[in-house]
Amino acid sequence: MADEKSIEQLVVQVITALVDDPENVRIDTMEEGNTFTINVHVSPEDVGKIIGRQGRVIKSLRTIARAVSTYSGGKHIEVEVID
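As the structure is a computational prediction, the values presented were derived from the model and not from experiment.

J.: Quick rundown of the overall build of the protein? Include the residues and the values.
T.: Within the protein one finds three helices and three strands. Secondary structure elements of the protein, listed N to C terminal, follow the sequence α-β-β-α-α-β. Radius of gyration (C-alpha) of the protein: 12 Å, near the 12 Å computed for a compact globule of 83 residues. Per-residue burial for the protein yields a buried fraction of 36% across its 83 residues. In the protein, 56% of the contacts between residues at least 6 apart in sequence involve partners at least 24 apart. Carbon together with sulfur atoms contributes 51% to the accessible area of the protein, which is approximately 5100 Å² in total. Between the centroid of the 9 positive side chains of the protein and the centroid of its 14 negative side chains there is a distance of 8 Å.

Structure (structure tokens):
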């Protein structure tokens, strides 16, 4: 059964693989009601790599996180990029 911590670790793994400066990746999480928000902080040079062309990379990452969250009791997962 997937929980919020494993989803957070998945997001960290994917993000650090995409950026040039993995040491500057920071993740903050917030839980409010039935929503679990993962805020991703990366260096300004790496924001474009996380968002991708027309937002394809971040949309895919959000889709994966939401798919995994279906096994965690139905919590709504949000992934936000903050530079």
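Having put the structure on the table, let's press on.
J.: Just give me the short version of the sheet that holds strand E1 (residues 26-32), but keep the residues and values in it.
T.: Ordered in space as E1-E2-E3, the three strands form an open sheet in which the pairing is mixed. Strands with a single pairing partner mark the edges of an open sheet, and in this sheet they are E1 and strand E3 (76-82). Averaged over all pairs of adjacent strands, the angle between their axes in this sheet comes to 20°, without regard to strand direction. Alignment of strand E2 (residues 35-41) against E3, held across seven bridges, turns out to be parallel. The partner of Thr-37 across the bridge, within E3, is Glu-78. Seen against the sheet, helix H1 (residues 4-18) touches E1, E2 and E3 and runs at an angle of roughly 25° to E2.

J.: Now, about the environment of Ile-82: what can you tell me, with residues and values included?
T.: Take Ile-82: it is sitting in strand E3. Overall, the relative accessible area of 34% leaves Ile-82 in the partly exposed class. Separated by 72 residues in sequence, Ile-82 and Leu-10 have C-alpha atoms that sit 18 Å apart. When near neighbours in sequence (up to four residues on either side) are disregarded, Ile-82 contacts Asn-39, Val-40, His-41 and Val-42.

The rules we used
Residues numbered from 1 in each chain as written. Predicted model: local features only at pLDDT ≥ 70, side-chain atom pairs only at ≥ 80, totals over all residues. Heavy atoms only, no water. Helix = DSSP H or I, 4+ residues; strand = E, 2+ residues; numbered from the N terminus. Rg over C-alpha atoms; globule rule 2.2 N^0.38 Å. Buried < 20%, exposed > 50% of the residue type's maximum accessible area, 1.4 Å probe, protein only. Contact = heavy atoms within 4.5 Å. Areas by Shrake-Rupley, 256 points an atom, 1.4 Å probe, with all protein chains shown as cover. Lys, Arg positive; Asp, Glu negative; His and termini not counted. Charge placed at Lys NZ, Arg CZ, Asp CG, Glu CD. Pairing = 2+ DSSP bridges. Axes fitted to C-alpha atoms, helices over the stretch in contact; angles between N-to-C directions.

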